[in-house]
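Residues per chain, in single letters:
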Amino acid sequence: MITPSTKKQCTLLLLLTCLCLDKSYAAYNVLLIGGTRFSGAAVWKELYERGHTVTVYNRGKTEPRPLSNESRGEFYKRMASAKFLEGDRTSPSQLRALIDPSKYEYVYDMNARKVEDVAPLAEMFVGKEQFKQYVFMSSAGVYMASEEMPHVETDPTDPQSRHVGKLESEQTLRSLGIPFCSFRPTYICGPQNYNPVERYFFERITAGRPVCIPGHGQHLTGLGHVYDLSVAFCNVIGREQFTTGQVYNIQNTQAITFDGVAKAAAKAAGVDPSNVKIVHYNPDFYTFPKGKKAFPMRPQHFFTGITKAMKDLDWNPVYDSALAILEDSYQNDFVPLKESGGLKGDFECDDIILSGATSPSSLESMDNAATSAPEAAAAAVETGPKPEWMQSFDDEGRRLVKDAYKETKWMTDTTGTGRKMKDVRISRKNAPAAPAAAVDKKSVSYGDFTWS
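Source: prediction; values computed, not measured.

### With respect to the sheet that holds strand E6 (residues 180–185)
The sheet built from seven strands is open, its strands ordered E3-E2-E1-E4-E5-E6-E11 with parallel pairing. Of all strands in the sheet, those bounded by a partner on one side alone are strand E3 (83–86) and strand E11 (246–250). Adjacent strand axes in the sheet meet at a mean angle of 20°, parallel and antiparallel pairs treated alike. Of the strand pairs in this sheet, strand E5 (residues 133–137) and E6 are connected by four bridges, and their pairing is parallel. When the bridges of E6 are listed, Phe136 appears paired with Ser182. The strands that helix H5 (residues 115–122) touches are strand E1 (29–33), strand E4 (106–109) and E5; relative to E5, the one it contacts most, it runs at about 170°.

In structure tokens:
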């Protein structure tokens, strides 16, 4: 029997327990920059569910919408709980007019791409005593390509990266002296992803089309789920003693090959992976329409270690396999999108590749020829259909290609399979220079083309 005295003791114990809870359970005022698309929306939802008061600041151009795991009623409650500010984040005058920096303990910056995006806002929080952390969305794309993987947070960064603006933004935050941390995700997937990583595979597999993959298909890449990213971001709150001044990689705990992604996507879509045709190609051999990407991921090894984030943030990915990530994306994003008629069905780049996929100049054919001798690859130039760029060559042009094949050294690829890959680059004159090779090369020009 529970006596009044016992009830009182339980009540006091519960109150004492609440008072002693880690401060990460306290509610704070959070300024969220962006917040209406994909990762920003997921972070907003996670912050709301933890009881924080969220102010969403953006240009007001994108209407918020319910997430895949959120009912209309839950979405309306989240909207009603938030405050919305519309303004240009690069305008100091608009920021000062709309934002009182003394009211916020945390800033979550989800969409900055360059220093001009970050500096005007971050400068407002310099010297604010109540301010605890500026949480910045960076990218693992800032790392310099490396022969030693996975990337860890201390790896060298690439000043020529297309994400150099995010790298410089990290440096700006550090130089301002405000408490900050930065996240460097690889390829984040999940419902409402506007970067068509998963969709690239699903759209081709469900249409019965080949999946075109650059290189040999064995490049390892890292995937992560947007829910796991949102949890990691929100776990910063209350852990500033660990996170201040730190950068964190984010993905799941594994890496998967490009070919593996195609097969996992097939499983997620209920298709037998053995029925999916994968076509490998050398992207250097094709010219694609301006503004279009033939493949949604970098043709290189690109994955990170996440031990530091797991330790400092007390975080473990829930979607910890490519298949788990892709299954959620398929069921809760691709299927509804397809049923609503929202797929673009744009296979123009694929058709360009497939038109020359049987050419001996494709990477797969060159690899096969290379297993015997460079002379075999040179001889292959004379046989079979030619890609568009070679069809107009006369005997002299083909001879130069053959000589280039013979003169160029061959090297073993990094997959450990023992296959040979020819280190040859073909590009139009005046085009951006191809990456420096690991072996000696000979350059040959003919007409509008250069071999090196």
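### Considerations on the side chain of Glu70
With respect to the helices and strands, Glu70 occurs in the loop between strand E2 (53–58) and helix H3 (72–81). Here the side chain of Glu70 touches Leu67 through a polar contact of 3.1 Å, landing on its backbone nitrogen. Engagement of the side chain of Glu70 in a polar contact is seen with the side chain of Arg78, the distance being 2.7 Å. If we skip the residues at most four places from it in the chain, Glu70 touches Lys45, Phe75 and Arg78.

### Notes on helix H12 (residues 322–339)
Here H12 spans 24 Å end to end across 18 residues, near enough to the 26 Å set by a 1.5 Å rise per residue. Helix geometry: H12 is bent most strongly at Tyr330, by close to 40°. Along H12, the residues that are buried comprise Ala322, Ile325, Leu326, Asp328, Ser329, Tyr330, Asp333 and Phe334. Of the surrounding secondary structure, the elements contacted by the buried residues of H12 are strand E7 (187–189), helix H7 (197–206), strand E10 (223–225), strand E12 (256–257) and helix H10 (258–268).

### Section: the packing of helix H2 (residues 38–49) against helix H8 (residues 226–234)
Axis separation between H2 and H8 bottoms out at 9 Å; the angle between their running directions is 55°. In terms of their interaxial angle, H2 and H8 are classed as oblique. The chirality of how H2 crosses H8 is right-handed. Judged by residue contacts, Phe38, Ser39, Ala42, Val43, Glu46 and Leu47 of H2 engage Val226, Tyr227, Leu229, Ser230, Val231, Phe233 and Cys234 from H8. Residues belonging to the contact of H2 with H8 are distributed by class as follows: ten nonpolar, two polar and one charged.

### A look at H7
With eight of ten residues buried, H7 is to be regarded as a mostly interior element. Within H7 the residues assigned to the buried category are Val197, Glu198, Tyr200, Phe201, Phe202, Glu203, Arg204 and Ile205. Directly beyond the C-terminal end of H7, a positive phi value near 75° is found at Gly208.

### Looking at the pairing of E5
Note on strand geometry: in a regular strand, side chains alternate between the two faces of the sheet. Along E5, five of the five residues are buried, which leaves the element largely enclosed by surrounding structure. Burial along E5 is two-sided: Gln133, Val135 and Met137 and Tyr134 and Phe136, pointing in opposite directions, are all buried. Alignment of E4 against E5, held across four bridges, turns out to be parallel. Bridging from a neighbouring strand, Tyr106 pairs with Gln133 of E5. Read from E4 through H5 to E5, the crossover connection turns out right-handed.

Quick notes on the rules
Residues numbered from 1 in each chain as written. Predicted model: local features only at pLDDT ≥ 70, side-chain atom pairs only at ≥ 80, totals over all residues. Heavy atoms only, no water. Pairing = 2+ DSSP bridges. Helix = DSSP H or I, 4+ residues; strand = E, 2+ residues; numbered from the N terminus. Axes fitted to C-alpha atoms, helices over the stretch in contact; angles between N-to-C directions. Contact = heavy atoms within 4.5 Å. Polar contact = N/O pair within 3.5 Å; in protein donor to acceptor, adjacent residues only side chain to side chain. Expected span 1.5 Å × (residues − 1). Bend = angle between axes of the 7 residues up to and from the residue. Buried < 20%, exposed > 50% of the residue type's maximum accessible area, 1.4 Å probe, protein only. Parallel < 35°, antiparallel > 145°, perpendicular 65-115°, else oblique. Left-handed = near helix turned anticlockwise from the far one by under 90°. Nonpolar A, V, L, I, M, F, W, Y, C, P; charged D, E, K, R; others polar. Right-handed = clockwise from strand over helix to strand, strands pointing away.

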